[in-house]
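Per-entry structural report
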Amino acid sequence: MSELTFTLLRLGYLVLLWVFVLTAIGVLRRDLSTRAGAPGRRKRRAAVPQPAGTPPLGGQQPVPPPGPRAASRGAGTPTRLVVTAGPLQGTSLPLTGSSILIGRSPGSTLVLDDDYSSSRHARIFPQGGQWFVEDLGSTNGTFIGEQQIHGVVPLSPGVGVQIGRSVVELQG
């Protein structure tokens, strides 16, 4: 081979190596990002007026006020959040009236050691006497039954919420 061909092959290999390294860094950066609205993850939703008394969580979409259907439900007041399936099955958290953050992050209220859950995967919170679940822009989604949820959804006691390999539900 000529000297020019050999030099071009070496430069091509070097460029290919840098493309691989930069791609790997980009993937790691997106995966380790703890902000739900981080660039490269998902589009930010338009801001909706925040109901009084509900603090926003990390720039997430504000919570809509509960509708008449949610207010009319009086089917028992839940007192705890229980993990009914998954690695932490049997774990129970008391419901104190504050938001419960679920994910892999050590700062979460319920820390899941699960490759299928995001750092800040979902939150369960009360508002106006009703409990709600909100997906926080997770990679693999949050499900009620087979239905993937988007945004804020009312949550009734006894209804399972799948987060990664775990299923949690409100119980009385």
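Residues numbered from 1 in each chain as written. Predicted model: local features only at pLDDT ≥ 70, side-chain atom pairs only at ≥ 80, totals over all residues. Heavy atoms only, no water.

Burial runs high along strand 6 (residues 130-135): 6 of the 6 residues are buried. Residues of strand 6 alternate between two faces, with Q130, F132 and E134 on one and W131, V133 and D135 on the opposite face, all of them buried. Bridge count between strand 5 (residues 122-127) and strand 6: 6 bridges; the pairing is antiparallel. From the neighbouring strand, Q127 faces strand 6, where its bridge partner is Q130. The hairpin turn running from strand 5 into strand 6, its antiparallel successor, is 2 residues long, and G128 in that turn takes a positive phi close to 60°. When strand 6 meets strand 9 (residues 152-155), the two strands line up antiparallel, connected through 4 bridges. What sits directly across from F132, in strand 9, is P154. (Buried < 20%, exposed > 50% of the residue type's maximum accessible area, 1.4 Å probe, protein only. Helix = DSSP H or I, 4+ residues; strand = E, 2+ residues; numbered from the N terminus. Pairing = 2+ DSSP bridges.)

Our next topic: a nonpolar patch on the surface. A cluster of nonpolar residues, L4, L8, L11, Y13, L14, L17, W18, F20, V21, L22 and I25, forms a patch on the protein surface that exposes about 1,200 Å² of accessible area. With respect to the helices and strands, the residue L22 is situated in helix 1 (residues 3-32). (Patch = residues over 30% accessible without salt bridge, like charges linked within 9 Å, V, L, I, M, F, W, Y side chains within 5 Å. Areas by Shrake-Rupley, 256 points an atom, 1.4 Å probe, with all protein chains shown as cover. Salt bridge = Lys/Arg side-chain N within 4 Å of Asp/Glu carboxyl O.)

Time to look at the sheet that holds strand 6. Working definition: the strands of a sheet are paired by backbone hydrogen bonds and lie parallel or antiparallel to each other. Across the sheet, 5 strands lie side by side as 4-3-5-6-9; this open sheet has mixed pairing. The sheet is open, and its two borders are formed by strand 4 (110-111) and strand 9, each paired with just one other strand. As judged from the 2 bridges shared by strand 3 (residues 100-103) and strand 4, these two strands associate in the parallel manner. Counterpart to I102 in the pairing with strand 4 is L110.

Turning to the pattern of salt bridges, a few remarks are in order. Evaluated as defined, the whole model comprises 2 salt bridges. Put simply, D114 and R165 hold a salt bridge, and the shortest N to O gap is 3.3 Å. Within this pair, whereas D114 is found in the loop between strand 4 and strand 5, its partner R165 is found in the loop between strand 10 (161-163) and strand 11 (166-171), the two being separated by 51 residues in sequence. R123 serves as the salt-bridge partner of E134, at 2.7 Å between the closest nitrogen and oxygen. Of this pair, E134 sits in strand 6 while R123 sits in strand 5, placing them 11 residues apart in sequence. For the pair formed by E134 and R123, the shared burial category is buried.

With that settled, the discussion passes to the packing of aromatic side chains. The tally for this structure, following the rule as stated, stands at 1 aromatic pair. Sitting over the ring of F125, R123 keeps its end group 4.1 Å from the ring centre. (Phe/Tyr/Trp six-rings, centres within 6.5 Å; stacked < 30°, edge-to-face > 60°. Lys NZ or Arg CZ within 6 Å of the ring centre and 35° of its normal.)

Because side chains alternate across strand 3, one face comprises the buried residues I100 and I102, and the other comprises L101 and G103, equally buried. With 3 bridges joining them, strand 3 and strand 5 adopt antiparallel strand pairing. Within the sheet, the bridge partner assigned to I102 lies in strand 5 and is A122.

Right, let's talk about the confidence of the model for the protein for a bit. Confidence along the protein averages 77 in pLDDT terms, with 74% of residues attaining 70 or more. This model gives residues 34-74 a pLDDT under 50, and the stretch forms 62 contacts once residues within four places in sequence are excluded. (pLDDT = per-residue confidence, 0-100. Contact = heavy atoms within 4.5 Å.)

On to the nonpolar core. Residues L81, I102, I124 and V168 are the most contacted members of the largest nonpolar core, which totals 19 residues. Aside from chain neighbours lying at most four places away, what touches L81 is T91, S92, L93, L95, I100, I102, I124, V168, E169 and L170. (Core = buried A, V, L, I, M, F, W, Y, C linked by side-chain atoms within 4.5 Å.)

Our focus in this paragraph is the side chain of S108. Looking at the element boundaries, S108 is found in the loop between strand 3 and strand 4. Ignoring sequence-local partners within four residues, the contact set of S108 consists of L101, I102, G103 and S119.

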